[in-house]
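Chain by chain, the residues run as shown.
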Amino acid sequence: FTPNPFSPEGKEKIKEVEEKLDFQFPVILWYRYMGHDFPLEGMQEAYENGKIVELTYQIVGGAYDRNPNFDVLDGLKDDEIRRFAKQAKEFGHPFLFRLNNEMNSTWVSYSGHLSLCDPDIFVQVWRRVYDLFQEEGVDNAIWIFNPNDVSYPPCKWNSHTAYYPGNEYVHMIGLTGYNTGTYFQDLTGERWRSFTEIYDRLWRMYSQLYAKFPWIITEFSCSSVGGDKEAWINEMFENLPRYKNIKIAVWWSYYDPDPRPEHKGTPARRYWLDEKPEYIEAFKKGLHQTQP
């Protein structure tokens with residue numbers, strides 16, 4: 001992932017990093033929100049360049065605005081969703097479709113935390129969107145169910161299992177687990193986590209429930225604040241093959257800003273892959289060791 005991958009700047013950034021790695025990314029990540037059109041032109045260009053898009057579609061509103069997920073349940077957004085679905089059908093090629101990711105959290109409108117603490121609302125929204133896509137004949141979307149690796153708040157009602165819409169509504173299982181580093185350690189208690197600490201835990205949880213599905217790390221990264229990012233990348237490549245269900249992993253190459261007004265958006269969690277030459281070299285080495 002890099003911001004705006006369909007823009008000239010985004011495409012140039014992807015090309016720049018691919019040249020440094022001597023590797024062509026087969027998957028790129030992009031976001032759309034309810035009310036947006038399907039990005040047909042960008043999707044077509046990506047397809048012609050041999051890339052599949054992980055298209056994330058989120059039903060979100062402002063933190064204190066009317067929650068649009070209830071409008072979806074009431075059928076008030078059917079026309080918008082149908083328009084998007086018709087455009088997806090027009091595209092005609094397979095794409096990865098990640099709907100309302102990281103729902104077991106506090107930071108998105110469709111989370112249980114912001115939907116009456118009731119995961120059933122998420123389930124019914126998912127099924128409604130899925131059914132509308134089916135009615136419009138969309139057969140090229142690969143549906144990804146994608147919780148966050150840790151539930152916030154850490155309550156039983158907020159477990160990822162409570163949000164699962166059912167086997168008939170899912171094609172792949174998405175994994176998202178970041179080493180966020182230690183920038184906010186004094187504020188939130190976050191700490192440095194190794195790749196295996198994050199993904200061994202997910203393997204133990206998910207292999208009991210979703211073993212029959214292919215898995216995708218829909219987004220992940222390592223911050224450069226608080227530890228050795230180069231060593232983290234090396235460990236990631238050494239251990240990724242152990243998780244046999246994982247077929248794709250998408251590196252998030254950007255940053256999380258510090259939201260506090262006094263810090264004015266200072267880069268906090270520094271996830272850039274090309275932040276330093278040694279990160280690129282470690283990634284390049286890992287890529288070429290694991291290619292068949």
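All values reported here derive from a predicted model rather than from experimental measurement.

(A) Looking closely at the overall build of the protein. When helices and strands are counted, the protein shows nine helices and nine strands. Here the protein has a C-alpha radius of gyration of 19 Å; the compact-globule value for 292 residues is 19 Å, and the two agree. The dimensions of the protein, computed from C-alpha atoms along their principal axes, are 50 × 45 × 45 Å. Burial status across the protein gives 52% buried among its 292 residues. Taking contacts inside the protein between residues at least 6 apart in sequence as the whole, the part at least 24 apart equals 75%. Accessible surface, the protein as shown: approximately 13,900 Å² in total, 50% of it carbon and sulfur.

(B) Local environment of the environment of arginine 82. Considering the arrangement of structural elements, one finds arginine 82 in helix H4 (residues 78-91). As a C-alpha pair, arginine 82 and glutamate 12 span 70 residues in sequence and 33 Å in three-dimensional space. Among the polar contacts made by the side chain of arginine 82, one reaches the side chain of glutamate 135 at a distance of 2.5 Å.

(C) Region of the structure containing the pairing of strand E6 (residues 215-220). Most of E6 sits inside the fold, with six of its six residues counted as buried. Across four bridges, the pairing between E6 and strand E7 (residues 246-251) is parallel. Within E7, the position partnered with isoleucine 216 by the bridge is isoleucine 248. Assessed by its sense of winding, the connection that carries the chain from E6 through helix H8 (residues 229-239) to E7 is right-handed.

(D) Examining the environment of phenylalanine 213 more closely. You can see phenylalanine 213 is positioned in the loop between helix H7 (195-206) and E6. Assessed through its relative accessible area of 13%, phenylalanine 213 is described here as buried. Separated by 46 residues in the primary sequence, phenylalanine 213 and asparagine 167 have C-alpha atoms spaced 9.3 Å apart. Those residues within four positions of phenylalanine 213 in sequence are excluded, and the remaining contacts are Tyr164, Asn167, Val170, His171, Met172, Ile173 and Asn245.

(E) The side chain of glutamine 87, seen in detail. Position of glutamine 87 relative to the elements: it lies in helix H4. Residue class for glutamine 87 comes out buried when judged on its relative accessible area of 17%. At a separation of 3.4 Å, a polar atom in the side chain of glutamine 87 contacts the side chain of aspartate 37. Residues contacting glutamine 87, with those up to four places away along its chain left out, are Asp37, Phe38 and Leu40.

(F) Spatial organisation of helix H1 (residues 8-21). The terminal C-alpha atoms of H1 lie 20 Å apart, and with 14 residues this matches the ideal 20 Å at 1.5 Å per residue to within 8%. Every buried residue of H1 is accounted for by Gly10, Ile14, Val17, Glu18 and Leu21. Mapping the buried residues of H1 onto a view down its axis gives an arc of 105°, with all of them on the same face. Opposite the buried face of H1, by more than 90 degrees, sit the exposed residues Pro8, Glu9 and Glu19. Residues of H1 that are buried in the fold lie against strand E1 (27-33) and helix H9 (277-290).

(G) Highlighting helix H5 (residues 119-135). Taking 1.5 Å of rise per residue, 17 residues should cover 24 Å, and H5 covers 25 Å from first to last C-alpha, within 8% of that figure. Within H5 the residues assigned to the buried category are Pro119, Ile121, Phe122, Val123, Val125, Trp126, Val129, Tyr130, Leu132 and Phe133. Count one or two residues on from H5 and you reach glycine 137, which has phi positive near 75°.

(H) Focus on the environment of phenylalanine 195. If you trace the backbone, phenylalanine 195 turns up in helix H7. On a C-alpha basis, the gap between phenylalanine 195 and glycine 61 in space is 32 Å, while along the polypeptide they are 134 residues apart. If we ignore the near neighbours within four places in the chain, the residues touching phenylalanine 195 are Phe220, Trp232, Glu235, Met236, Asn239, Leu240 and Tyr243.

(I) Molecular detail of the layout of surface pockets. Here the largest pocket is characterised by a volume of approximately 1,200 Å³. Listed by contribution, the elements that provide at least two residues to the lining of the largest pocket are E1, helix H6 (185-188) and strand E8 (255-257). Of the residues in the lining of the largest pocket, the class split is 18 nonpolar, twelve polar and ten charged. In terms of lining residues, the second largest pocket is bounded by 32 residues, among which Phe23, Pro26, Ala249, Val250 and Leu287 are the most central. Listed by contribution, the elements that provide at least two residues to the lining of the second largest pocket are H1, E1, H8, E7 and H9. In terms of residues, the lining of the second largest pocket owes the most to one element, E7, which gives six residues. Split into classes, the residues belonging to the lining of the second largest pocket amount to 25 nonpolar, four polar and three charged.

Parameters and conventions
Residues numbered from 1 in each chain as written. Predicted model: local features only at pLDDT ≥ 70, side-chain atom pairs only at ≥ 80, totals over all residues. Heavy atoms only, no water. Helix = DSSP H or I, 4+ residues; strand = E, 2+ residues; numbered from the N terminus. Rg over C-alpha atoms; globule rule 2.2 N^0.38 Å. Buried < 20%, exposed > 50% of the residue type's maximum accessible area, 1.4 Å probe, protein only. Contact = heavy atoms within 4.5 Å. Areas by Shrake-Rupley, 256 points an atom, 1.4 Å probe, with all protein chains shown as cover. Polar contact = N/O pair within 3.5 Å; in protein donor to acceptor, adjacent residues only side chain to side chain. Pairing = 2+ DSSP bridges. Right-handed = clockwise from strand over helix to strand, strands pointing away. Expected span 1.5 Å × (residues − 1). Arc of directions from axis to C-beta. 1 Å grid on protein atoms, 1.4 Å probe; cavity = no way out; pocket = protein on both sides within 12 Å on 5 of 7 lines; lining within 4 Å. Points joined across faces, edges and corners; volume = space filled by probe spheres on them. Nonpolar A, V, L, I, M, F, W, Y, C, P; charged D, E, K, R; others polar.

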